[in-house]
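Chain by chain, the residues run as shown.
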Amino acid sequence: MGNVSIFFVTGFEEIEALTVVDLLRRAGVDTDMVSVTGERTVTGSHQIPVVTDKLLSEVDFDKVDVIVLPGGPGTKDLEACGPLMEQVDTFVSGGKTVCAICAAPSILGHRGHLRGKRAIAYPGYEKELDGAEIVYEPAVTDGKIITGRGMGCAVDFGLAIVEYLKGRKVREDLAEKIISDR
């Protein structure tokens, strides 16, 4: 296990997406940045263009172990992407891992995937986490769902995914290398 796809849409939160990409790649996790816009270059919420590795149409989801949804103003467009939402639902129902940070956990809440789960989202989005037990931590892992609170928690969120995929020792070693003391 360890093939991750992170999905990019216009208006994604750059720090949330790219921090996770960076940490996963440092940990040796096969990680693809995937555009859902139909174009390889996607512009974030602070006008930073990012060249992705793949388009959504090029992803073989049978070879993906983890879906990551970054937040930002583009969250509504991620949620509006039918083919991606079909995969999110398939992953959750099939026992595969889905991660979301900032506003993006609201997507999981709207789809009923957080019922009975511990989760967190950006302040003000807690009401969108239908059926979740809200836990005010930077990142929360509950089974196959990992959620993060927001941009300032992107390192914690990325390290939680690293720990889930590679174990606590790899997380601790990576946290030490990047001078993260949480």
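Residues numbered from 1 in each chain as written. Predicted model: local features only at pLDDT ≥ 70, side-chain atom pairs only at ≥ 80, totals over all residues. Heavy atoms only, no water.

**Student:** Go over the pattern of salt bridges with me, naming the residues and quoting the values.
**Tutor:** Throughout the structure, instances matching the rule amount to 12 salt bridges. In this structure, the salt-bridge partner of Arg171 is Glu163, at a minimum N-O distance of 3.2 Å. By relative accessible area, which is 14% here, Arg171 ends up buried. In this structure, Glu172 and Arg168 form a salt bridge, with 3.2 Å as the shortest nitrogen-oxygen distance. Here the residue Glu172 and the residue Arg168 both occupy positions in helix α6 (residues 168-177), the gap between them amounting to four residues, near one helical turn. Judged by relative accessible area, Glu172 falls into the partly exposed class, the value being 40%. Put simply, Glu163, Arg168, Arg171 and Glu172 are held in one network by salt bridges that share partners. (Salt bridge = Lys/Arg side-chain N within 4 Å of Asp/Glu carboxyl O. Buried < 20%, exposed > 50% of the residue type's maximum accessible area, 1.4 Å probe, protein only. Helix = DSSP H or I, 4+ residues; strand = E, 2+ residues; numbered from the N terminus.)

**Student:** So, the sheet that holds strand β7 (residues 97-101): which residues are in play, and what are the values?
**Tutor:** With mixed pairing, seven strands are arranged side by side in an open sheet as β5-β2-β1-β6-β7-β11-β10. Single-partner strands in this sheet number two, and they are β5 (54-55) and β10 (139-142). Note: strand β6 (residues 66-69) against β7, four bridges, orientation parallel. Across the sheet, residue Leu69 finds its bridge partner in β7, namely Ala100. (Pairing = 2+ DSSP bridges.)

**Student:** Quick rundown of the packing of aromatic side chains? Include the residues and the values.
**Tutor:** Applying the stated criterion to the full structure yields four aromatic pairs. Seen in terms of ring centroids, Phe7 and Phe61 are 6.0 Å apart; in terms of plane orientation they differ by 10°. Their pairing is stacked. Placement of Phe7 in strand β1 (residues 3-8) and of Phe61 in the loop between β5 and β6 is noted, with a sequence separation of 54 residues between them. Aromatic pair Tyr122 and Tyr125: ring centres 6.4 Å apart, planes at 70°, arrangement edge-to-face. Judged by relative accessible area, which is 42%, Tyr122 ranks as partly exposed. Through a chain of ring-to-ring contacts, three or more aromatic side chains come together here, namely Phe7, Phe61 and Phe91. Just above the ring of Phe91 sits the side chain of Lys96; from NZ or CZ to the centre is 4.4 Å. (Phe/Tyr/Trp six-rings, centres within 6.5 Å; stacked < 30°, edge-to-face > 60°. Lys NZ or Arg CZ within 6 Å of the ring centre and 35° of its normal.)

**Student:** Describe in detail helix α5 (residues 154-166), supporting the description with residues and values.
**Tutor:** Taking 1.5 Å per residue as the helical rise, α5 with its 13 residues ought to reach 18 Å, and the 18 Å between its terminal C-alpha atoms agrees with that figure. When we look at burial in α5, the residues that qualify are Ala154, Asp156, Phe157, Gly158, Leu159, Ala160, Ile161, Val162 and Leu165. Trailing α5 by a residue or two, Gly167 shows a phi angle of about 100°, which is positive. (Expected span 1.5 Å × (residues − 1).)

**Student:** Give me the packing of helix α1 (residues 14-26) against α5: which residues, what numbers.
**Tutor:** At their nearest, the axes of α1 and α5 sit 9 Å apart, and the two run at 35° to each other. In this structure, α1 crosses over α5, and the sense of that crossing is right-handed. Judged by residue contacts, Ile15, Glu16, Thr19, Val20, Leu23 and Leu24 of α1 engage Ala154, Val155, Phe157, Gly158, Leu159, Ile161, Val162 and Leu165 from α5. The residue inventory of the contact of α1 with α5, partitioned by class, reads 11 nonpolar, two polar and one charged. (Axes fitted to C-alpha atoms, helices over the stretch in contact; angles between N-to-C directions. Left-handed = near helix turned anticlockwise from the far one by under 90°. Contact = heavy atoms within 4.5 Å. Nonpolar A, V, L, I, M, F, W, Y, C, P; charged D, E, K, R; others polar.)

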